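Read off the chains here:
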Amino acid sequence: IQMQILQDVKDAVSDCIDFASSHYHHKSIGFPVLGTDGLDYPAEKVIEWVVDALADFQRSAEESTIKTVFICVDTKDDSPHIKQVCTTSLRHSLL
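Residues numbered from 1 in each chain as written. Predicted model: local features only at pLDDT ≥ 70, side-chain atom pairs only at ≥ 80, totals over all residues. Heavy atoms only, no water.

Describing the overall build of the protein chain
Along its length, the protein chain carries three helices and two strands. For the protein chain, with 95 residues in total, the buried portion stands at 33%. A separation of at least 24 residues holds for 75% of the contacts in the protein chain among residues at least 6 apart in sequence. When the accessible surface of the protein chain is summed, it comes to about 6,400 Å², and 54% of that surface belongs to carbon and sulfur atoms. (Helix = DSSP H or I, 4+ residues; strand = E, 2+ residues; numbered from the N terminus. Buried < 20%, exposed > 50% of the residue type's maximum accessible area, 1.4 Å probe, protein only. Contact = heavy atoms within 4.5 Å. Areas by Shrake-Rupley, 256 points an atom, 1.4 Å probe, with all protein chains shown as cover.)

Here it is in structure tokens:
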């Protein structure tokens, strides 16, 4: 089931970036760390999934107006550990 969730996250992120870029020509977009409250997904995993999806989009997108992506973390999940997960995930996935 985790692989299906990962694929759903990747599809949603890709669709959102593509739509924001191609229809509205936005230069930035933000993604919340969804599912950490009601669905009890660990924030670390959701961040990794979003970053993986961003990396996949970056590799496959022909041209996008999106230049800045924000990962929005709920204050209850806003800890030094979560910030480190974001930094590490981004370094590994977007290089």
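A look at the pattern of salt bridges
Counted under the stated rule, the structure contains three salt bridges. Ionic pairing is found between glutamate 48 and lysine 45, a salt bridge with its closest N-O pair at 3.4 Å. You can see glutamate 48 and its partner lysine 45 sitting in helix α2 (residues 43–60), three residues apart, about one turn around the helix. Classification of glutamate 48 by relative accessible area gives partly exposed; the value is 31%. For lysine 45, a relative accessible area of 33% puts it in the partly exposed group. Of the charged contacts, one joins aspartate 56 and arginine 59 as a salt bridge, the two residues approaching to 2.8 Å between their closest N and O atoms. Remark: arginine 59 and aspartate 56 occur in helix α2; sequence separation between them is three residues, near one turn of the helix. On the accessibility criterion, aspartate 56 (29% relative accessible area) is partly exposed. Linked through salt bridges whose partners overlap, the residues forming this network are Lys10, Asp56 and Arg59. (Salt bridge = Lys/Arg side-chain N within 4 Å of Asp/Glu carboxyl O.)

Examining the environment of serine 14
Tracing the backbone through its elements, the reader meets serine 14 in helix α1 (residues 2–22). For serine 14, a relative accessible area of 24% gives the class partly exposed. Separated by 42 residues in sequence, serine 14 and aspartate 56 place their C-alpha atoms 8.2 Å apart.

Some details on a negative patch on the surface
Residues Asp8, Asp11, Asp15 and Asp18 make up a contiguous surface patch of negative charge. Note on placement: aspartate 8 falls in helix α1. Assessed through its relative accessible area of 42%, aspartate 8 is described here as partly exposed. (Patch = residues over 30% accessible without salt bridge, like charges linked within 9 Å, V, L, I, M, F, W, Y side chains within 5 Å. Lys, Arg positive; Asp, Glu negative; His and termini not counted. Charge placed at Lys NZ, Arg CZ, Asp CG, Glu CD.)

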